[in-house]
Amino acid sequence: MENTGTLYIVATPIGNLEDITLRALRILREVDVILCEDTRTTARLLQKYDIHTKTMSYHAHSTKGKESAIIRMLRDGKNLALVSDAGTPCISDPGVLLVESVRRELPESPVVPIPGASALVSALCASGISASEFVFLGFLPHKKGRETLFKEIASSLRINVFYESTHRILKTLESLDKFAPESKVMIAREITKQFEEFVSGKPVELLEYFNTNKDKQRGEFVVIVAPR
(Lines give C-alpha, C1' and ligand atoms only; values in the text may rest on other atoms or scores of the structure.)
Protein backbone atom coordinates (compact mmCIF):
# COMPACT_ATOMS: atom_id res chain seq x y z
CA MET A 1 0.00 0.00 0.00
CA GLU A 2 1.24 3.46 -0.81
CA ASN A 3 2.36 5.67 2.07
CA THR A 4 -0.25 8.34 1.40
CA GLY A 5 -0.86 11.44 3.44
CA THR A 6 -3.78 12.16 5.74
CA LEU A 7 -6.50 14.74 5.16
CA TYR A 8 -7.67 16.26 8.45
CA ILE A 9 -11.06 18.00 8.54
CA VAL A 10 -10.46 20.65 11.21
CA ALA A 11 -13.26 22.61 12.86
CA THR A 12 -12.37 26.23 13.62
CA PRO A 13 -14.18 28.88 15.71
CA ILE A 14 -17.47 30.34 14.48
CA GLY A 15 -16.73 33.65 16.16
CA ASN A 16 -14.77 33.62 19.39
CA LEU A 17 -11.22 32.58 18.49
CA GLU A 18 -10.84 30.74 21.82
CA ASP A 19 -13.33 28.11 20.64
CA ILE A 20 -10.79 25.71 19.16
CA THR A 21 -9.54 22.43 20.58
CA LEU A 22 -6.00 21.64 21.64
CA ARG A 23 -5.97 18.79 19.15
CA ALA A 24 -6.98 21.13 16.32
CA LEU A 25 -4.14 23.53 17.16
CA ARG A 26 -1.64 20.65 17.23
CA ILE A 27 -2.82 19.36 13.85
CA LEU A 28 -2.65 22.81 12.28
CA ARG A 29 0.96 23.09 13.44
CA GLU A 30 1.97 19.60 12.30
CA VAL A 31 0.49 19.31 8.80
CA ASP A 32 2.39 20.28 5.67
CA VAL A 33 -0.33 22.54 4.25
CA ILE A 34 -3.60 24.06 5.48
CA LEU A 35 -6.33 24.28 2.84
CA CYS A 36 -8.42 27.40 3.51
CA GLU A 37 -11.72 28.71 2.22
CA ASP A 38 -10.14 32.18 2.54
CA THR A 39 -6.46 32.35 3.49
CA ARG A 40 -6.92 35.87 4.91
CA THR A 41 -9.60 34.71 7.34
CA THR A 42 -7.57 31.69 8.46
CA ALA A 43 -4.48 33.89 8.84
CA ARG A 44 -6.11 35.71 11.77
CA LEU A 45 -6.57 32.43 13.62
CA LEU A 46 -3.07 31.21 12.83
CA GLN A 47 -1.56 34.51 13.94
CA LYS A 48 -3.35 34.38 17.29
CA TYR A 49 -1.87 30.96 18.04
CA ASP A 50 1.57 31.61 16.48
CA ILE A 51 1.11 28.94 13.79
CA HIS A 52 3.27 29.32 10.69
CA THR A 53 2.12 26.39 8.54
CA LYS A 54 1.89 27.03 4.79
CA THR A 55 -1.65 27.79 3.55
CA MET A 56 -3.38 27.25 0.21
CA SER A 57 -6.83 28.37 -0.89
CA TYR A 58 -9.57 25.83 -1.60
CA HIS A 59 -13.16 27.02 -2.03
CA ALA A 60 -16.33 26.63 -4.08
CA HIS A 61 -14.74 28.21 -7.14
CA SER A 62 -11.46 26.28 -7.08
CA THR A 63 -10.59 24.59 -10.34
CA LYS A 64 -10.27 20.89 -11.01
CA GLY A 65 -6.56 21.58 -11.42
CA LYS A 66 -6.36 22.77 -7.81
CA GLU A 67 -8.23 19.68 -6.66
CA SER A 68 -5.85 17.45 -8.64
CA ALA A 69 -2.85 19.19 -7.08
CA ILE A 70 -4.23 18.45 -3.61
CA ILE A 71 -4.77 14.80 -4.53
CA ARG A 72 -1.14 14.63 -5.72
CA MET A 73 0.11 16.07 -2.45
CA LEU A 74 -1.75 13.38 -0.52
CA ARG A 75 -0.45 10.72 -2.90
CA ASP A 76 3.09 12.00 -2.24
CA GLY A 77 2.63 11.53 1.50
CA LYS A 78 1.84 15.12 2.49
CA ASN A 79 -0.50 15.63 5.44
CA LEU A 80 -3.14 18.31 4.87
CA ALA A 81 -5.71 20.12 7.01
CA LEU A 82 -8.95 21.41 5.52
CA VAL A 83 -10.60 24.37 7.26
CA SER A 84 -13.52 26.62 6.38
CA ASP A 85 -13.85 30.28 7.29
CA ALA A 86 -15.75 29.30 10.42
CA GLY A 87 -17.07 26.16 12.06
CA THR A 88 -16.97 22.58 10.86
CA PRO A 89 -15.94 22.06 7.21
CA CYS A 90 -18.15 20.11 4.80
CA ILE A 91 -21.41 21.03 6.58
CA SER A 92 -23.14 23.37 4.10
CA ASP A 93 -19.62 24.00 2.88
CA PRO A 94 -17.73 23.38 -0.41
CA GLY A 95 -15.11 21.27 1.38
CA VAL A 96 -17.39 18.27 0.91
CA LEU A 97 -16.46 18.22 -2.79
CA LEU A 98 -12.79 17.71 -1.94
CA VAL A 99 -13.50 14.97 0.58
CA GLU A 100 -15.70 13.23 -1.98
CA SER A 101 -12.85 13.34 -4.51
CA VAL A 102 -10.29 12.04 -2.01
CA ARG A 103 -12.58 9.17 -1.02
CA ARG A 104 -13.09 8.29 -4.68
CA GLU A 105 -9.60 8.78 -6.12
CA LEU A 106 -7.41 7.99 -3.14
CA PRO A 107 -9.38 5.61 -0.89
CA GLU A 108 -6.25 4.51 0.95
CA SER A 109 -5.66 8.06 2.21
CA PRO A 110 -7.15 8.54 5.72
CA VAL A 111 -9.73 11.31 6.18
CA VAL A 112 -9.76 12.26 9.87
CA PRO A 113 -12.33 14.61 11.46
CA ILE A 114 -11.13 16.97 14.19
CA PRO A 115 -14.40 18.00 15.90
CA GLY A 116 -15.13 21.46 17.21
CA ALA A 117 -17.45 24.44 16.88
CA SER A 118 -20.72 24.18 14.94
CA ALA A 119 -23.35 26.91 14.70
CA LEU A 120 -26.04 24.27 14.22
CA VAL A 121 -25.30 22.41 17.47
CA SER A 122 -24.59 25.59 19.43
CA ALA A 123 -27.97 27.06 18.45
CA LEU A 124 -29.89 23.90 19.29
CA CYS A 125 -28.31 23.37 22.70
CA ALA A 126 -29.17 26.91 23.82
CA SER A 127 -32.63 27.06 22.24
CA GLY A 128 -34.66 25.38 24.96
CA ILE A 129 -36.40 23.35 22.27
CA SER A 130 -36.22 19.59 22.71
CA ALA A 131 -34.10 18.35 19.81
CA SER A 132 -33.98 14.57 20.05
CA GLU A 133 -34.53 14.64 16.30
CA PHE A 134 -34.45 17.44 13.76
CA VAL A 135 -34.09 18.22 10.06
CA PHE A 136 -31.12 20.35 9.01
CA LEU A 137 -31.67 22.27 5.77
CA GLY A 138 -28.38 24.17 5.48
CA PHE A 139 -28.86 27.41 3.53
CA LEU A 140 -32.27 27.67 1.88
CA PRO A 141 -32.42 28.21 -1.89
CA HIS A 142 -32.68 31.86 -2.91
CA LYS A 143 -35.47 31.41 -5.44
CA LYS A 144 -36.29 28.05 -7.04
CA GLY A 145 -38.03 25.72 -4.62
CA ARG A 146 -38.00 28.21 -1.75
CA GLU A 147 -41.79 28.49 -1.36
CA THR A 148 -42.19 24.72 -1.56
CA LEU A 149 -39.62 24.30 1.20
CA PHE A 150 -41.47 26.70 3.50
CA LYS A 151 -44.65 24.71 2.96
CA GLU A 152 -42.77 21.55 3.94
CA ILE A 153 -41.40 23.26 7.06
CA ALA A 154 -44.93 24.34 8.01
CA SER A 155 -46.28 20.78 7.80
CA SER A 156 -43.24 19.04 9.33
CA LEU A 157 -43.57 16.96 12.49
CA ARG A 158 -39.90 17.55 13.31
CA ILE A 159 -37.80 20.56 14.24
CA ASN A 160 -36.38 22.29 11.17
CA VAL A 161 -33.08 24.14 11.41
CA PHE A 162 -31.38 26.24 8.75
CA TYR A 163 -28.89 29.04 8.24
CA GLU A 164 -29.87 32.48 6.99
CA SER A 165 -28.02 35.63 5.98
CA THR A 166 -28.44 39.31 6.79
CA HIS A 167 -29.94 39.96 3.37
CA ARG A 168 -32.77 37.44 3.64
CA ILE A 169 -33.70 37.15 7.32
CA LEU A 170 -36.74 39.44 7.00
CA LYS A 171 -37.98 37.66 3.85
CA THR A 172 -37.59 34.35 5.67
CA LEU A 173 -39.68 35.55 8.60
CA GLU A 174 -42.30 36.87 6.17
CA SER A 175 -42.48 33.44 4.53
CA LEU A 176 -42.76 31.72 7.91
CA ASP A 177 -45.54 34.13 8.87
CA LYS A 178 -47.32 33.24 5.63
CA PHE A 179 -46.99 29.46 5.80
CA ALA A 180 -46.43 28.70 9.50
CA PRO A 181 -47.87 31.65 11.46
CA GLU A 182 -48.47 29.68 14.67
CA SER A 183 -45.09 27.97 14.84
CA LYS A 184 -42.58 28.79 17.57
CA VAL A 185 -39.39 30.12 15.98
CA MET A 186 -36.03 30.65 17.67
CA ILE A 187 -33.46 32.94 16.04
CA ALA A 188 -29.84 32.58 17.13
CA ARG A 189 -27.79 35.54 15.94
CA GLU A 190 -24.01 36.03 15.96
CA ILE A 191 -23.32 32.93 18.06
CA THR A 192 -20.16 33.25 20.24
CA LYS A 193 -19.59 36.81 19.01
CA GLN A 194 -19.89 40.13 20.86
CA PHE A 195 -23.54 40.70 19.93
CA GLU A 196 -24.78 37.13 20.37
CA GLU A 197 -28.48 36.87 21.11
CA PHE A 198 -31.36 34.43 21.07
CA VAL A 199 -34.91 35.61 20.41
CA SER A 200 -38.04 33.51 20.05
CA GLY A 201 -41.71 33.89 19.27
CA LYS A 202 -44.18 33.53 16.45
CA PRO A 203 -42.97 34.75 13.06
CA VAL A 204 -45.04 37.95 13.23
CA GLU A 205 -43.55 38.79 16.63
CA LEU A 206 -40.02 38.29 15.36
CA LEU A 207 -40.76 40.41 12.30
CA GLU A 208 -41.86 43.23 14.56
CA TYR A 209 -38.73 42.81 16.71
CA PHE A 210 -36.28 42.94 13.81
CA ASN A 211 -38.14 45.75 12.03
CA THR A 212 -38.08 47.78 15.26
CA ASN A 213 -34.41 46.98 15.94
CA LYS A 214 -32.87 47.38 12.50
CA ASP A 215 -29.32 47.10 13.85
CA LYS A 216 -30.12 43.52 14.81
CA GLN A 217 -30.83 42.57 11.20
CA ARG A 218 -27.08 42.32 10.68
CA GLY A 219 -25.08 39.18 11.34
CA GLU A 220 -25.26 35.44 10.81
CA PHE A 221 -28.43 33.64 11.78
CA VAL A 222 -29.51 30.13 12.71
CA VAL A 223 -33.29 29.67 12.45
CA ILE A 224 -35.03 26.93 14.45
CA VAL A 225 -38.68 26.19 13.67
CA ALA A 226 -40.51 23.95 16.14
CA PRO A 227 -43.33 21.72 14.89
CA ARG A 228 -46.83 22.89 15.73
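Every chain is numbered on its own, with residues counted from 1 as its sequence reads. This being a predicted model, a pLDDT of at least 70 is required before a residue's local features are given, and a value of 80 or more before pairs of side-chain atoms are given or counted; all residues contribute to the totals for chains, interfaces and linings. Side-chain metrics rest on all non-hydrogen atoms present in the structure, leaving aside hydrogens and water.

Before going further, it helps to spend a moment on unusual backbone geometry. Despite not being glycine, Asp50 shows a phi value in the positive range, around 55 degrees. A run of H or I in DSSP counts as a helix once it spans at least four residues, and a run of E counts as a strand once it spans at least two, with each numbered from the N terminus. Of note, Asp50 is situated in the loop between helix H2 (39-48) and strand E3 (54-57). Taking the relative accessible area as the measure of exposure, Asp50 reaches 54% and is therefore exposed. Phi is positive for Thr192, which is not a glycine, with a value near 75 degrees. Take Thr192: it is sitting in the loop between strand E8 (185-189) and strand E9 (197-201). Partly exposed residues are those whose accessible area sits between 20% and 50% of the maximum for their type, while under 20% is buried and over 50% is exposed, using a 1.4 Å probe and protein chains only. Given the relative accessible area of 22%, Thr192 is considered partly exposed.

Below, the discussion takes up the side chain of Glu197. Inspection of the secondary structure assignment puts Glu197 in strand E9. With relative accessibility at 13%, the residue Glu197 sits in the buried group. Polar contact criterion, stated in full: a pair of N or O atoms within 3.5 Å, where within protein one must be able to donate a hydrogen and the other to accept it, and residues adjacent in sequence count only if both atoms are side-chain atoms. A distance of 2.9 Å separates the side chain of Glu197 from the side chain of Tyr209, its partner in a polar contact. Dropping the residues within four chain positions of it, Glu197 is found in contact with Ile187, Ala188, Arg189, Tyr209 and Lys216. Should any heavy atoms of two residues lie within 4.5 Å, those residues are considered in contact.

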